[in-house]
Amino acid sequence: MQYNQAEISRRRTFAIIAHPDAGKTTLTEKLLLFGGAIHVAGAVKSNKIKKTATSDWMEIEKQRGISVATSVMGFNYEGYKINILDTPGHQDFAEDTYRTLTAVDSVIIVIDGARGVEQQTKRLMEVCRMRKTPVIVFVNKMDRESQDPFDLLDEIEEELQIKVTPLSWPIDSGERFKGVYNIYEKGLDIYTPNKQKISERVELDLDSAQLTEYISEAQAKKLKDDLELINEVYPSLDTERYLNAEVAPVFFGSALNTFGVKELLDCFVRIAPAPRVTQAEERAVDPYEEPFTGFIFKIHANMDPNHRSCIAFVKICSGQFERNTNYKHVRLGKNLKFSSPTAFMAQKKEIVDNAFAGDIIGLPDTGNFKIGDTLTSGENLHFKGLPSFSPEMFKYIENADPMKAKQLQKGIDQLMDEGVAQLFTSTFNGRKIIGTVGQLQFEVIEYRLLHEYQAQCRWEPVSLYKACWISSDNQAALEDFKRRKAQYMAVDIHGRDVYMADSGYLLNMARQDFPEIEFHFTSEF
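All figures in this text were calculated on a predicted structure; none of them were measured in a lab. Every chain's residues receive numbers from 1 upward, in the order its sequence appears when written. Thresholds applied to this predicted model are a pLDDT of at least 70 for local features of residues and 80 or more for the giving and counting of side-chain atom pairs; totals over whole chains, interfaces and linings are not thresholded and use all residues. Side-chain measures here rest on the full set of heavy atoms in the structure, leaving out hydrogens and waters.

The subject of this paragraph is the overall build of the protein. Helical segments are the DSSP runs of H or I of at least four residues, strand segments are the runs of E of at least two, and each set is numbered from the N terminus. On a plain count of helices and strands, the protein comes out with 14 helices and 31 strands. Each residue's exposure class comes from its accessible area (1.4 Å probe, protein chains only) as a fraction of the maximum for that residue type: buried when under 20%, exposed when over 50%, partly exposed otherwise. Here the protein holds 525 residues, and the buried ones make up 56% of them. Residues count as neighbours in contact if any of their non-hydrogen atoms are within 4.5 Å of one another. Sequence-distant contacts in the protein: of pairs separated by 6 or more residues, those separated by 24 or more amount to 71%. Surface accessibility in these figures is a Shrake-Rupley result with a 1.4 Å probe; residues are shielded only by whichever protein chains are displayed. With an accessible surface of roughly 22300 Å², the protein has 47% of that area assigned to carbon and sulfur atoms.

Another point: a negative patch on the surface. Surface patches are defined over residues having more than 30% relative accessible area and no salt bridge, joining like charges when they lie within 9 Å and nonpolar side chains (Val, Leu, Ile, Met, Phe, Trp, Tyr) when within 5 Å. Counted as salt bridges are all cases of a side-chain nitrogen of Lys or Arg within 4 Å of a carboxyl oxygen of Asp or Glu. The positive count covers Lys and Arg only, the negative count covers Asp and Glu only, and His and the chain ends enter neither. To locate a charge, take atom NZ for lysine, CZ for arginine, CG for aspartate or CD for glutamate. Taken together, the side chains of Asp148, Asp151, Asp154 and Glu158 define an acidic patch exposed on the protein surface. Along the chain, Asp148 falls in the loop between strand S5 (135–140) and helix H6 (149–160).

This paragraph deals with the pairing of strand S22 (residues 360–365). Of all six residues that make up S22, five are buried, and the element is covered over most of its length. Pairing analysis gives six bridges linking strand S15 (residues 310–318) to S22, with the strands arranged antiparallel. Each bridged residue has a counterpart across the sheet, and for Val314 the counterpart in S22 is Ile361. A pair of strands is labelled paired if DSSP reports no fewer than 2 bridges between them.

Moving on: the UniProt feature "binding site: GTP" (unreviewed entry) in the protein. The sites that carry the UniProt feature "binding site: GTP" (unreviewed entry) are, in the present numbering, Asp86, Thr87, Pro88, Gly89, His90, Asn140, Lys141, Met142 and Asp143. In this structure, Met142 sits in the loop between S5 and H6. A relative accessible area of 1% places Met142 in the buried class. UniProt positions are given in the numbering used here, feature names are shortened, and annotations may be inferred rather than shown by experiment.

It is worth spelling out helix H2 (residues 24–34) at this point. Within H2, eleven of the eleven residues are buried, which leaves the element mostly enclosed by the surrounding structure. Taken as a whole, H2 has its buried residues at Lys24, Thr25, Thr26, Leu27, Thr28, Glu29, Lys30, Leu31, Leu32, Leu33 and Phe34.

What follows covers the packing of aromatic side chains. When the centres of two rings from Phe, Tyr and Trp lie within 6.5 Å, Trp using its six-membered ring, the rings pair. Their planes under 30 degrees apart give stacked, over 60 give edge-to-face, and anything left gives tilted. Inspection of the entire model under this criterion finds 16 aromatic pairs. A centroid spacing of 4.7 Å and a plane angle of 50° characterise the contact between Phe150 and Trp169, whose relative ring orientation is tilted. Taken together, the residues span a long stretch of sequence, with Phe150 in helix H6 and Trp169 in strand S7 (residues 168–171) at a distance of 19 residues. Taken as a pair, Phe150 and Trp169 share a single burial class, namely buried. Ring centres of Phe481 and Phe519 lie 5.9 Å apart, and the angle between their planes is 80°; this geometry places the pair in the edge-to-face category.

This part takes up the packing of H2 against helix H10 (residues 261–271). Inter-axis angles, ranging from 0 to 180 degrees, are taken between N-to-C directions of lines fitted to C-alpha atoms, where helices are fitted over the stretch in contact. Look at H2 against H10: their axes get within 10 Å of each other, and the N-to-C directions meet at 70°. Accordingly, the angle class assigned to the pair H2 and H10 is roughly perpendicular. Between H2, through Leu27, Lys30, Leu31 and Phe34, and H10, the contact on the second element is made entirely by Val261, Lys262, Leu264 and Leu265. Considered class by class, the residues forming the contact of H2 with H10 number six nonpolar, no polar and two charged. Here the word oblique covers every angle except those under 35 degrees (roughly parallel), over 145 (roughly antiparallel) and from 65 to 115 (roughly perpendicular). By the convention adopted, Pro, Cys, Tyr, Trp, Phe, Met, Ile, Leu, Val and Ala count as nonpolar, Lys, Arg, Asp and Glu as charged, and the other residues, Gly among them, as polar.

This paragraph deals with the environment of Cys128. By the element assignment, Cys128 lies in helix H5 (residues 119–131). Between the C-alpha atom of Cys128 and that of Ala245, which follows or precedes it by 117 residues, the distance is 8.4 Å. Non-local contacts of Cys128, meaning those with residues more than four positions away in its chain, are made with Ile17, Leu101, Val107, Thr133 and Val135.

If you trace the eight strands from one edge of the open sheet to the other, you get S27-S24-S26-S25-S29-S30-S28-S31, paired in antiparallel fashion. Of all strands in the sheet, those with a lone pairing partner are strand S27 (457–461) and strand S31 (518–520), marking the two edges. Within this sheet the neighbouring strands show an average axis-to-axis angle of 40°, counted without direction. The sheet contact formed by strand S24 (residues 393–399) and strand S26 (residues 432–436) spans four bridges and is antiparallel. Across the sheet, the residue bridging to Met393 is Thr436, located in S26. In the packing of helix H12 (residues 439–453) onto the sheet, contacts are made with S24, S26 and S27, and the angle to S24 comes to roughly 20°. Across the sheet, helix H14 (residues 504–513) is in contact with strand S28 (466–471), strand S30 (497–501) and S31; its angle to S30 comes to roughly 130°.

The next point concerns the pattern of salt bridges. Per the counting criterion, the structure on display carries 27 salt bridges. Between Lys81 and Asp359 there is a salt bridge, with its nearest N and O atoms 3.2 Å apart. Here the residue Lys81 occupies a position in strand S3 (residues 80–86), and Asp359 occupies one in the loop between strand S21 (354–356) and S22, the gap between them amounting to 278 residues. Just as Lys81 is buried, Asp359 falls in that class too. Linked by salt bridges that have partners in common, Glu7, Arg10, Arg11, Lys81 and Asp359 make up one network.

This next bit is on H6. Take the residue count of a helix, subtract one, and multiply by 1.5 Å to get its expected span. Taking 1.5 Å as the rise per residue, H6 with twelve residues should run 16 Å; its terminal C-alpha atoms sit 16 Å apart, in good agreement. Within H6, burial applies to Pro149, Phe150, Leu152, Leu153, Ile156 and Leu160. Take H6 and look down its axis: the buried residues cluster within an arc of 160°, on one side only. As used in this structure description, the phrase polar contact means that two N or O atoms lie within 3.5 Å; if the pair is within protein, one of them must be able to donate a hydrogen and the other to accept it, and residues adjacent in sequence are counted only when both atoms belong to side chains. Here H6 starts with a cap whose side-chain oxygen sits 3.0 Å from the backbone nitrogen of Phe150, and that cap is Asp148. Where H6 terminates, the next one or two residues include Gln161, which has phi positive at roughly 50°. Read the arc as the range of directions from the helix axis to the C-beta atoms.

Attention now goes to the packing of helix H11 (residues 405–417) against H12. Direction vectors running N to C along H11 and H12 enclose 125°, while the axes themselves pass 10 Å from each other. Classified by the angle between their axes, H11 and H12 sit oblique to one another. For H11 against H12, the interelement crossing comes out right-handed. In contact with Gln407, Leu408, Lys410, Gly411, Ile412, Gln414, Leu415 and Met416 of H11, H12 contributes Ile445, Arg448, Leu449 and Tyr453. Here the contact of H11 with H12 is composed, by residue class, of seven nonpolar, three polar and two charged. The hand of a helix crossing depends on one turn: near helix anticlockwise from the far one by less than a right angle means left-handed, and clockwise means right-handed.

Following this line, the structure appears as structure tokens:
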């Protein structure tokens, strides 16, 4: 058992979150570069380098230069096993990101040095706060004109509602950017713009006369004054407070130019949490327990377009997972064994014989899994906290090619199981309605149906305000509501009753007129 404990405590599983365009995918690439997992980092937007970012492997992502699916990558670094989840920054895919945050032990937030904290980042930070997830902040794009670093720290404290401790400090920004002083390791990192190589580190006492060989006298004076001020204003790093999500360490750099990233990684592996206790409905599950437990937080259809395959992503919460071993699928109440569980390096995947708490593995899915399912060595456990949110945009989905009805149906079923969007079937006229949080999801669905399932869909407008799940302890009241609101009733893919309100006014009226009915805006109730 000793061996397992050592294996588990060297795991670091985290997500990178940010507003679109802050440089999240680029940072992921550079971390992989240091881990030796890739040898040439790809640029997300670049016509010169034909290599696109490793973590963006869906065709639509390469075309648009955005990430629309969470990807999982693992690599070893200095004795640690690191699992990164790169999440979509685009707000239309926020739900995928919320779910991903249930599968990680800590988070790195990327902030654009010029734009500061943006709306999407605030929302994601709320989820981290709710779950008490430790965060480290990386202020990116310092090689462009940026806000004053002290102003940025104030903004992070105010907008993200968390205390900060700077662990590196920039020397100017934009064209005058000279590097950062690493407060954590007491050294000067001199900036040389290079997308593939690592900048030089100079071990220098700040009072040394040599300092001005690297930076101007004015910059040297400002750096000393800034550091003095930092010592007075900000507390030094207290790892306990970081782990309790009370304080966020802050690093500065330029991910595109591979600058400041190694400092972030070196500090991260030392202070970030190993796998933590996961709360199930029945009890708290400790990662070091011997029996295996895990839950499905994401399903991805067609990772390989040549094989119509779905992959269910499992976060291992405790113990060790072994290939070809029977595990209990709690919802179905039956045992399943897996002959080809995989670990990921973006799209490249390899079959693994075993994996430990903290790891994320992919299981081939032939329709057995739904998001939120639990697998165990035999115990009946249910992990909670994987909500679907009430969508705000709706369209009827129709078949544009009668010869391809079967392909369309299969495509819709698999994409809905992924949680890309939600499908409601009207009990009034049997038409299928797709609900999403943003317009972009409709485009992604149409694109993927066509390219992955060879099925053409057509969208038709439907005027709806919100979908709410309904429940009641009084069966007669529920039946009465469904009868009187018959033309607004639908069921979701799990067969639950959903009221499709066509305006905010009617929704409020329904809540007043039917006091015994409960209206839910997430699917967890």
